[in-house]
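Working through the structure, step by step
Each chain, letter by letter, is given below.
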Amino acid sequence: MYDPVQLRTFLTVAQTLSFTQAAGRLGVRQSTVSQHVRRLEEATGRPLFLRDTHSVELTEDGEALLGFARTILEAHERAAAFFTGTRLRGRLRFGASEDFVLTRLPEILEGFRHEHPEVDLELTVELSGTLHERLDAGRLDLVLAKRRGPGDERGRLVWRDRMVWIGAEGLRVDPEHPVPLIVFPPPGITRARALEVLERDGRPWRIACTSGSLSGLIAAARAGLGVMAHTRGLIPPGLVRVGGLPDLGPVEFALLRGPRVSAPAEALASAVLSGADRLTRTA
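Read on for a plain summary of the structure. (Residues numbered from 1 in each chain as written. Predicted model: local features only at pLDDT ≥ 70, side-chain atom pairs only at ≥ 80, totals over all residues. Heavy atoms only, no water.)

1. Considerations on the overall build of the protein chain
Scanning the protein chain from N- to C-terminus turns up nine helices and 11 strands. Taken over the C-alpha trace, the protein chain has a radius of gyration of 20 Å; the compact-globule value for 283 residues is 19 Å, and the two agree within 12%. Looking at the protein chain as a whole, 47% of its 283 residues qualify as buried. Roughly 13,800 Å² of accessible area belongs to the protein chain as shown, and the carbon and sulfur atoms make up 52% of that amount. A gap of 3 Å separates the mean positions of the 37 positive and 35 negative side-chain charges of the protein chain. (Helix = DSSP H or I, 4+ residues; strand = E, 2+ residues; numbered from the N terminus. Rg over C-alpha atoms; globule rule 2.2 N^0.38 Å. Buried < 20%, exposed > 50% of the residue type's maximum accessible area, 1.4 Å probe, protein only. Areas by Shrake-Rupley, 256 points an atom, 1.4 Å probe, with all protein chains shown as cover. Lys, Arg positive; Asp, Glu negative; His and termini not counted. Charge placed at Lys NZ, Arg CZ, Asp CG, Glu CD.)

2. Quick word on the side chain of Gln-15
Its place among the elements puts Gln-15 in helix H1 (residues 4-16). If near-sequence neighbours (up to four positions away) are discounted, Gln-15 is found in contact with Arg-25, Val-158, Trp-159, Arg-160, Leu-273, Ser-274, Ala-276 and Asp-277. (Contact = heavy atoms within 4.5 Å.)

3. Observations regarding the packing of aromatic side chains
Enumeration according to the criterion identifies four aromatic pairs in this entry. Note on Phe-19 and Phe-49: the rings are 6.0 Å apart at their centroids and 70 degrees apart in plane angle, and the pair reads as edge-to-face. Placement of the pair is Phe-19 in helix H2 (residues 19-26) and Phe-49 in strand S1 (residues 49-51), with a sequence separation of 30 residues. Taking relative accessible area as the criterion, Phe-49 reaches 3% and is therefore assigned buried. Through successive ring pairs, a cluster of aromatic residues spans Phe-10, Phe-19 and Phe-49. (Phe/Tyr/Trp six-rings, centres within 6.5 Å; stacked < 30°, edge-to-face > 60°.)

4. Quick notes on the packing of H1 against H2
Where H1 meets H2, the axes come as close as 8 Å, and the angle between the chain directions of the two elements is 125 degrees. If you check the angle between H1 and H2, you find them oblique. You can see that H1 and H2 cross each other, and the crossing is right-handed. Of H2, the residues touching H1 (which contributes Thr-9, Thr-12, Val-13, Gln-15 and Thr-16) are Phe-19, Gln-21, Ala-22, Arg-25 and Leu-26. Class assignment for the residues of the contact of H1 with H2 results in four nonpolar, five polar and one charged. (Axes fitted to C-alpha atoms, helices over the stretch in contact; angles between N-to-C directions. Parallel < 35°, antiparallel > 145°, perpendicular 65-115°, else oblique. Left-handed = near helix turned anticlockwise from the far one by under 90°. Nonpolar A, V, L, I, M, F, W, Y, C, P; charged D, E, K, R; others polar.)

5. Some details on the nonpolar core
The biggest cluster of nonpolar side chains holds 42 residues, and the ones touching the most others in it are Phe-94, Trp-165, Val-227, Leu-255, Leu-268 and Leu-279. In this structure Val-227 touches Trp-165, Ile-166, Leu-171, Val-173, Val-179, Pro-180, Leu-181, Ile-182, Val-242 and Leu-245, once residues within four positions along its chain are discounted. Core analysis: the second largest hydrophobic core is formed by 19 residues, Ala-23, Leu-40, Leu-58 and Leu-73 among them. (Core = buried A, V, L, I, M, F, W, Y, C linked by side-chain atoms within 4.5 Å.)

6. Observations regarding the pairing of strand S9 (residues 228-231)
Burial along S9 is two-sided: Met-228 and His-230 facing one way and Ala-229 and Thr-231 facing the other are all buried. Of the strand pairs in this sheet, strand S6 (residues 156-168) and S9 are connected by four bridges, and their pairing is antiparallel. Bridged to Met-163 within S9 is Thr-231. (Pairing = 2+ DSSP bridges.)

If you want it as structure tokens, here you go:
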């Protein structure tokens, strides 16, 4: 009833919220993406996306289909791997952004380890800026991290969202005083974005807390020490959006490969892309 090719197209549109970006990732025409979605909507008998000239959003039925689509595709891939008899081996150095520490990324990695037990997977969790540096230095094979900013087209787009200001419930930023910031140390991409937009807006600021770990920043924010820039879809429990500050703009997460292309890296990249909707859910 549900074509795996159409389901993969559906997941890609759901992850990028863009028919154009989905077509680019899949290497097909935008008309093909539209056709796949239309046929899937005919098969389900339900609209899966709300579309206009400016935005794409999942309907409630589209949200429901996400889990089914992922399960069907995972079963399809397991069957294909079983009957082809291929067993991956080797060492894979994978770097993941701090942003995904509290999501269900471990479930994706667990599934990969189950499917490919002979791959020696080494995981590095770091700031996106640090991961970019390590990848460029040849110390990582595959990285899931923020793109550095507008114009950065490296890697395969996994997920697009917006950055927002967050803080403790009831926190108010006094426009007469410097904005108290909770930030990662350099070369944090989120830190650089926060400072850039405040400077551009002419807003004075001060560093209220610096921590190299996401848990440290969250603790400081929950204590009411200040505000932090964060991805809208990954707001931790106990924190809320804070208004009255300049717009932080969009953020994109991408998979980037090192110069040494390997079968284990391709397999993990495929697993991450297939399960990207889980990256927006807390564990």
